[in-house]
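Observations on the model geometry
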Amino acid sequence: MNKTAINPAILEADATSSQRGVWSGLWRQFRSDFGAQVGLLLTLIIIVVAVFADVIAPYGPTDGDFSSARLPPAWVEGGSMDHLLGTDQLGQDIFTRIVYGSRVSLTVSIFGVLLAMSIGVTAGMVAGLFGGRVDAAISAVVNLILSVPYLILVIVVATILGRSLINVILIFGVTDSPIFARITRGEVLRLRNEEYVEAARSLGANNYQILFFHIFPNLLRVLITVATFEMSAMIFYESGLSFLGLSVPPEVPSWGNMLALGRQYLTIFPWMAIYPGIAISITAIGINLLGDWLGDALDPQNEDDA
């Protein structure tokens, strides 16, 4: 039977129109979900703080004054309004370092997830669509990486590569990619046998058109949900690596570095570690609230019930 060549523009238009109803439904659900609104607000605040750190912070990230070392927060006896959240053992302003530290955490989480998605989604789509030896080879690599405890793998690689922001992003991007690869492969294996995919193939659509105009738009729901939770996890992992002295250099203001420097004074100058810990928690809560809402909002069963 002769196959009629299909116009890629038509395929793209159909895929785009089918997604419009999804996003409009998401917006309606978002307006009625208080947790999602709180999560978005907290996330946006952290993003604004990171972007405008130079304007918000009253001092430079490494400015220190030993005569003002270990000052308590401004509302505690002995505190100063010049240092709202107090100072550390080097006389550096805690508030300033928290503000600049948001840049490190967001940079690692955003670019780490983007790199992990780029590697993992590409590998998963290729494995799921072509199958056979290609699928077996990719799956073997994925299973090998996932068989190693994640934290141990990250610590070993970080020790080998050394301390730098670029290395941390590369470490998280590569070691986290198998999660996206496995999820993508499973979804592609499920979606490639759907009726609309078979119909497109019968009309002459090639693998590229099927992959990007039919399968990939339906992967976005799952990938966005997973990405939000992985961003939150990377913030904790980066802080953990900094605490162990394996992330960014100690002079770089990061929340993990602040925790590491403040732990030895925790019982006598607790503000050195408490406020960076609060910043980590607020950021993780905001991203997790968004991820939790996305997980529910993008669930096809919930769409069917709506």
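These numbers were taken from a predicted model, which means no experiment stands behind them.

To continue, consider the overall build of the protein. On a plain count of helices and strands, the protein comes out with 12 helices and 0 strands. Secondary structure elements of the protein occur, N-terminal to C-terminal, as α-α-α-α-α-α-α-α-α-α-α-α. In the protein, which comprises 306 residues, the share counted as buried stands at 43%. A separation threshold of at least 6 residues defines the contact pool for the protein, and within that pool the share at least 24 residues apart is 72%. Summed over its atoms, the accessible surface of the protein is roughly 15,500 Å², and 66% of this surface lies on carbon and sulfur atoms.

A grouping of Leu40, Leu44, Ile47, Val48, Val51, Phe52, Val55 and Ile56 is seen on the molecular surface, where their side chains present a nonpolar patch of about 670 Å² in accessible area. Elements supplying a minimum of two residues to the nonpolar patch: α2 (34-51) and α3 (53-56). Take the nonpolar patch: its biggest share by element is 5 residues, from α2. Note on Leu44: relative accessible area 44%, which makes it partly exposed.

Once that is clear, we can look at the packing of aromatic side chains. Applying the stated rule across the entire model yields 5 aromatic pairs. Consider the rings of Tyr150 and Tyr237, whose centres lie 4.9 Å apart with planes at 45°: the pair is tilted. With Tyr150 in helix α6 (residues 150-161) and Tyr237 in helix α9 (residues 207-243), the pair connects residues that are 87 residues apart, well separated along the chain. Geometrically, the ring pair formed by Tyr265 and Phe269 is tilted, given 5.9 Å between the ring centres and 50° between the ring planes. Judged by its relative accessible area of 17%, Tyr265 is buried. Three or more aromatic residues joined by ring pairs form one cluster here, namely Tyr150, Phe172 and Tyr237. Over the ring of Phe243 we find Arg263, and its NZ or CZ is 4.7 Å from the ring centre.

Further remarks concern helix α10 (residues 255-262). Most of α10 is tucked away, with 6 of its 8 residues classed as buried. Residues of α10 that are buried: Trp255, Gly256, Asn257, Met258, Ala260 and Gly262. Next to the buried residues of α10 lie α4 (94-130), α9 and α11 (271-297).

All right, on to the nonpolar core then. Membership of the largest hydrophobic core comes to 46 residues, with the highest contact counts inside it found for Ile94, Ile98, Phe172, Phe180, Ile215 and Leu219. Mapped by element, the contributors of at least two residues to this core are α4, α6, α7 (165-191), α8 (195-202), α9, α10 and α11. In terms of residue count, α9 provides more of this core than any other element does, 11 residues in total. Among all residues touching Ile94, those that are not within four sequence positions of it are Leu85, Gly86, Thr87, Asp88, Met258, Trp271, Met272 and Tyr275.

Here the focus is the pattern of salt bridges. According to the stated counting rule, one finds 3 salt bridges in the structure shown. Residue Arg103 pairs with Asp54 through a salt bridge whose shortest N-O separation is 3.4 Å. Taken as a pair, Arg103 in helix α4 and Asp54 in helix α3 lie far apart in primary sequence, 49 residues in all. Where Glu187 meets Arg190, a salt bridge forms, and the shortest distance between an N and an O atom there is 2.6 Å. With Glu187 and Arg190 both in helix α7 and 3 residues apart, this pair spans about one turn of that helix.

Confidence in the prediction for the protein averages 82 pLDDT; 89% of positions are at 70 or higher. Predicted confidence in the protein is weakest over helix α12 (residues 300-305), with a mean pLDDT of 52, and strongest over α3, with 92. Segment residues 1-6 is flagged for pLDDT under 50; beyond a separation of four residues in sequence, or across chains, it makes 11 contacts in the model.

Conventions used here
- Residues numbered from 1 in each chain as written.
- Predicted model: local features only at pLDDT ≥ 70, side-chain atom pairs only at ≥ 80, totals over all residues.
- Heavy atoms only, no water.
- Helix = DSSP H or I, 4+ residues; strand = E, 2+ residues; numbered from the N terminus.
- Buried < 20%, exposed > 50% of the residue type's maximum accessible area, 1.4 Å probe, protein only.
- Contact = heavy atoms within 4.5 Å.
- Areas by Shrake-Rupley, 256 points an atom, 1.4 Å probe, with all protein chains shown as cover.
- Patch = residues over 30% accessible without salt bridge, like charges linked within 9 Å, V, L, I, M, F, W, Y side chains within 5 Å.
- Salt bridge = Lys/Arg side-chain N within 4 Å of Asp/Glu carboxyl O.
- Phe/Tyr/Trp six-rings, centres within 6.5 Å; stacked < 30°, edge-to-face > 60°.
- Lys NZ or Arg CZ within 6 Å of the ring centre and 35° of its normal.
- Core = buried A, V, L, I, M, F, W, Y, C linked by side-chain atoms within 4.5 Å.
- pLDDT = per-residue confidence, 0-100.

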